[in-house]
Amino acid sequence: MKIIIKNWIRMLHIKLGWINDFDKLVIKYVKFFCISLNYKYVFVVIAAAIFMLDAFHSSSKLLKSFKGHTSCVGSIDCSTLDDCSLLCSGSHDKTVRVWDVEASKQIQLFNGHSNYVHCVKFSFYHYHTHRRNVICSSSYDKTIRFWDVKDNQQLDILNEHAGGVCGIELSSFNGGRYLCSSSFDKTIRLWDIETSKSLHVFKRHTNYAWCVDISPLQSNNNNDKINSIGVIGGNGYTICSGSWDKTIRIWDIETIKQLNVFKGHENWVHCVKYGSNELGINGGANTILSGSRDKSVRLWDIRSNRQTQMFKGHTNHVYTVEYSPFV
């Protein structure tokens, strides 16, 4: 375990993104002892791992600070493109900024939005298809915009929403070609980034559609089956959305039909997140994690259409959720 911790710290100085590799290593290490030793010693090993991790966290410190925005930062995303670690951010100051992580400096500023920027994402579709570093941003000005980092210009604008655009998410399938968005106009839209067209509009929410996510890549599909938008729904790809109407809804991408409605939150739903089978949970891709203004985090099972767990402890609104790789 000491060797693992030492190697982890060394990796920290080499690159960002080291945590996933370390997580997998620790899980395999603990599983090995679960098989090799009796349970009394297993608990000792797990306790030692937790103690050493806590010791590391207690000595952790701020590594980088990026200053430049003049108002609240609502969203960030990071990516390693052309061996360069980049961070992008969107703010209530109406700007999108790009930062060089290693140099700790701002390298680009986009100020084309006329209202708060709610969400920003790196577009890996543009990078892998056209070798361009592009950022996608959504704003309360009712638009979604694409920005070319290198050429410092706006590439495209999607403006069919009738209200401010809140959440955006890129597909894990088809090389990130599809984008879904949620809006104050109470709708969810699915877009084709390549053609800049709105493919589907999902209408059932009775209040602002605040957050959205697209189901994870299904590894059992072959490449021929995912080259067309027409077969995505048939292969089980869905969108989930959270709204100020206190519900979470599941939509079939191809048929545009509403599949599930989860009711339980007592206030606005701020965030939703699909699970993944890679988490080590059986049927993980059939789970949704949500956070709400009601101060709770809830886990839902898509197959049974039920809430399976509720986590309470926060004393204020929950704005973002994520699954732990240690599960």
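As shown above, the structure is provided for reference.
Remember, predicted model here, so these are calculated numbers, not experimental data.

So, how was this worked out
- Residues numbered from 1 in each chain as written.
- Predicted model: local features only at pLDDT ≥ 70, side-chain atom pairs only at ≥ 80, totals over all residues.
- Heavy atoms only, no water.
- Buried < 20%, exposed > 50% of the residue type's maximum accessible area, 1.4 Å probe, protein only.
- Helix = DSSP H or I, 4+ residues; strand = E, 2+ residues; numbered from the N terminus.
- Pairing = 2+ DSSP bridges.
- Disulfide = S-S within 2.5 Å.
- Phe/Tyr/Trp six-rings, centres within 6.5 Å; stacked < 30°, edge-to-face > 60°.
- Salt bridge = Lys/Arg side-chain N within 4 Å of Asp/Glu carboxyl O.

**Digging into the pairing of strand E15 (residues 247-252)**
Among the 6 residues that make up E15, 6 are buried, leaving the element largely enclosed by the rest of the structure. Bridge analysis of strand E14 (residues 238-243) against E15 gives 5 bridges, and the strand direction is antiparallel. Residue Ser241 lies in a different strand from E15, and its bridge partner there is Arg249. The hairpin formed by E14 and E15 contains 3 residues between the paired strands, and Lys246 there has a positive phi angle of roughly 75°. Adjacent in sequence and paired antiparallel, E15 and strand E16 (residues 258-263) are bridged by 5 residues, among which Ile256 carries a positive phi angle near 70°.

**Re the state of the cysteines**
The tally for this structure, following the rule as stated, stands at 0 disulfides. Free cysteine: Cys240, not disulfide-bonded; nearest cysteine sulfur from Cys211 at 7.5 Å. Judged by relative accessible area, Cys240 falls into the buried class, the value being 0%.

**With respect to unusual backbone geometry**
A positive phi angle, near 75°, is found at Lys246, a position not held by glycine. With a phi angle near 70°, Ile256 is a residue other than glycine that sits in the positive phi range. Residue placement: Ile256 occurs in the loop between E15 and E16. A relative accessible area of 34% places Ile256 in the partly exposed class.

**Re the packing of aromatic side chains**
Evaluation of the coordinates by the stated rule reveals 13 aromatic pairs. Between Phe202 and Trp251 the ring centres are 5.5 Å apart and the planes differ by 55°, which places this aromatic pair in the tilted class. One end of the pair, Phe202, is in strand E12 (residues 197-203); the other, Trp251, is in strand E15, with 49 residues separating them in the sequence. A relative accessible area of 1% places Trp251 in the buried class. Chaining the aromatic ring pairs together yields one cluster made of Tyr116, Tyr140, Phe184, Tyr208, Trp210, Trp244 and Trp268.

**A look at the pattern of salt bridges**
A pair can form between side chains of opposite charge whenever their charged atoms are brought close. Evaluation of the coordinates by the stated rule reveals 11 salt bridges. In this structure, the salt-bridge partner of Asp141 is Arg145, at a minimum N-O distance of 3.7 Å. On the basis of relative accessibility, which here comes to 11%, the residue Arg145 falls in the buried class. A salt bridge links Arg298 to Asp294, with the shortest nitrogen-to-oxygen separation between them at 3.4 Å. Accessibility classification places Arg298 together with Asp294 in one group, the buried group. Here the salt bridges do not stand alone but share partners, grouping Arg132, Asp148 and Asp151 into one network.

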